[in-house]
Amino acid sequence: MQNDPSKKYQPFQHAPKLTDRQWPSRTLTQAPRWASVDLRDGNQALAVPMNISQKLELFQALVKIGFKEIEVGFPSASNTEFAFNRLLIEKGHAPDDVWLQVLVQAREDLIERTVESLIGAKKVIIHMYNSTSPAQRRVVFGKSKDEIKAIAVKGAQMIKDRLHRLTAGGTEVMLQYSPESFSMTEVEYAKEISEAVMDVWQPTPQRKMILNLPDTVEVAMPNVYADQIEWMCKNIKNRDSLIISLHTHNDRSTGVAATELGMLAGADRVEGTLFGNGERTGNLDIVTVALNLYMHGIDPKLDFSNLGAIIDVYERSTGMTVPPRQPYAGELVFTAFSGSHQDAIKKGLAERDQNGGKAHWDVPYLTIDPTDIGRKYQEVIRVNSQSGKGGVAYLLESEFGIELPKDFQREFGPIANDAVDKLGREVSGAELKAMFWKEYIERETPWKRGVFETSSKNGIVNCTAALFYGAQQVQRSLTGSGNGPLAAFVNGFKTAGYADFEITNYSEHALSSSESAEAIAYIQIKSADGQSRWGAGVDTNIELASVKAVLSALNRLT
Ligand code: KIV
Ligand code: ZN
């Protein structure tokens, strides 16, 4: 890197001078018109472009999501692209309310072939572009502003001259112009060239044209793009005959922000792709913008209820993958590893359950309800060595119905955490249950239960218990009495001189995940020398589950 970057790079040169800027004090209240450019801009960016059947599968998924404007390709660029248009039209794959959009440069041969590819379609958008920034004018075309404008005007005229070939057959046509590299272009020149195209196409409020203002390469902060959009909306002539459209890329990682601010600045329409596939760092991720609106209670008019299925189609057709931390869609998005996050999520979900899910969504760390987009609560909490007792308790409860008392969680949490730390990876609910079983339920040394019997007289319970002790399983027995079976059992231990402890905590519940109507008992004991331990026992008989829990705690003490 440069010691002094200012010698090589300079601040952005073409920010408009915007007075009385309005966009910062606005809020978004409705969804824009959406246009998917997955099959064109997204496809152009693939090392191996989609074949016809992949394009068709993705097209059908886009229709199902609810896109009404879909840029299906660049039909003059290759036979595959041309053939795809013909397939869509001839086999009637496009519903009547879906506009098939096609991209074309301002060149006669390309325009000719593009129009040919659209014959017989119901609704089409012909999207013409030419590049307008100073660098493009100088380096790529070696042409003056007027010469570049002449290219756009000539292209617009060539399209206009051919429209009758489509309209004669009943095709409805909308026209779109993009001054490509708009965000690097002087706004005055972008206005001049756009108005020159408008002069040819003559849009009206009843028959609008789309003016797409691309952030072809992000070169400035999103507020600058918003200023450019607001400047255009305020200064371009016949604004009410235009659909102002945004097309942001993501070079500075602010494609979503630029689009959202551009919408505030007055745009009507947004172009982008699923999960942001596109040249270099990608196009705008439409899923994110749509779900950002959704999380503010605005109907995005796109259906991502089954985002998992959409990801499958996307990955199959493009060969791209959705990164694990992709907003809304990534595998880890509705997952919390950190203990404090897990605890807060667990409490937030419990509060929601309590009020019957009626209040507005307000669960810590979760921007939306994962089930709204086909994800599961079980996915929400996962456990690794960073997790606390909350995550461990959540998985045991949600997957196996084991409702550890709070204080028990404080004991088992660090035990599980140590074990997970040694494994050095994430663990599943089943693995946690196995750890719990090993630590508490299956702990049968040194004390193992044999027969346990009770009788009661005048409110006093007497017990006799046969026990096995140590590795040799030496038989031991005890008798005791108390105001209940457990008190009698504890008393028996003390009377026999085996152990001196008291029960400080007790709870039990049926195991809902168990088929054999088992119950689980949790017991905390405190020894005469002040040590506390939890134990747990499972049995179809609740009294025996409790006796096992006492032995489990005692075995963990010795
Ligand atoms: O990024 C871009 O500028 C484009 C245009 C063709 C709209 O894709
Ligand atoms: Zn683009």
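Attention in this report is confined to the structure presented alongside it. (Residues numbered from 1 in each chain as written. Chains lettered and ligands numbered in written order. Predicted model: local features only at pLDDT ≥ 70, side-chain atom pairs only at ≥ 80, totals over all residues. Heavy atoms only, no water.)

1. Thoughts on the site of ligand 1
Every residue lining ligand 1 is accounted for by Arg 40, Asp 41, His 127, Tyr 129, Ser 178, Glu 180, Asn 212, Pro 214, Thr 216, His 247 and His 249. Contact distances for ligand 1 include 2.6 Å between an oxygen atom and a side-chain N or O atom of Thr 216. Within the contact set of ligand 1, an oxygen atom lies 3.1 Å away from a side-chain nitrogen or oxygen of His 247. In isolation ligand 1 exposes 260 Å². Once the protein is present, 95% of that is buried. When contributions to the shell around ligand 1 are tallied by element, the ones reaching two or more residues are helix H1 (38-44), strand S4 (123-131), strand S5 (172-180) and strand S6 (209-215). Here the shell around ligand 1 is composed, by residue class, of 2 nonpolar, 6 polar and 3 charged. (Near = heavy atom within 4 Å. Polar contact = N/O pair within 3.5 Å; in protein donor to acceptor, adjacent residues only side chain to side chain. Areas by Shrake-Rupley, 256 points an atom, 1.4 Å probe, with all protein chains shown as cover. Helix = DSSP H or I, 4+ residues; strand = E, 2+ residues; numbered from the N terminus. Nonpolar A, V, L, I, M, F, W, Y, C, P; charged D, E, K, R; others polar.)

2. Quick look at the packing of aromatic side chains
For any pair of aromatic rings, geometry is given as the distance between the ring centres together with the angle between the planes. All told, the structure shown has 18 aromatic pairs when counted by the stated rule. Ring centres 6.5 Å apart and planes at 80° place the aromatic pair Phe 59 and Phe 84 in the edge-to-face group. One end of the pair, Phe 59, is in helix H2 (residues 52-65); the other, Phe 84, is in helix H3 (residues 79-90), with 25 residues separating them in the sequence. Aromatic side chains Phe 436 and Tyr 440 sit 5.1 Å apart centroid to centroid with 35° between the ring planes, which places their arrangement in the tilted category. Pair noted here: Phe 436 and Tyr 440 are both in helix H15 (residues 429-441), with a separation of 4 residues, about one helical turn. (Phe/Tyr/Trp six-rings, centres within 6.5 Å; stacked < 30°, edge-to-face > 60°.)

3. A few points about unusual backbone geometry
The omega angle of the peptide bond from Thr 445 to Pro 446 is 0°, so this bond is cis rather than trans. With respect to the helices and strands, the residue Pro 446 is situated in the loop between H15 and strand S9 (447-457). Phi is positive for Asp 20, close to 55°, though the residue is something other than glycine. Looking at the secondary structure, you find Asp 20 in the segment before strand S1 (33-36). Given the relative accessible area of 58%, Asp 20 is considered exposed. Positive phi, normally seen in glycine, also occurs at Phe 275, with a value near 60°. Among the structural elements, Phe 275 can be located in the loop between strand S8 (269-272) and helix H10 (286-294). (Buried < 20%, exposed > 50% of the residue type's maximum accessible area, 1.4 Å probe, protein only.)

Nothing here speaks to function; it is geometry throughout.
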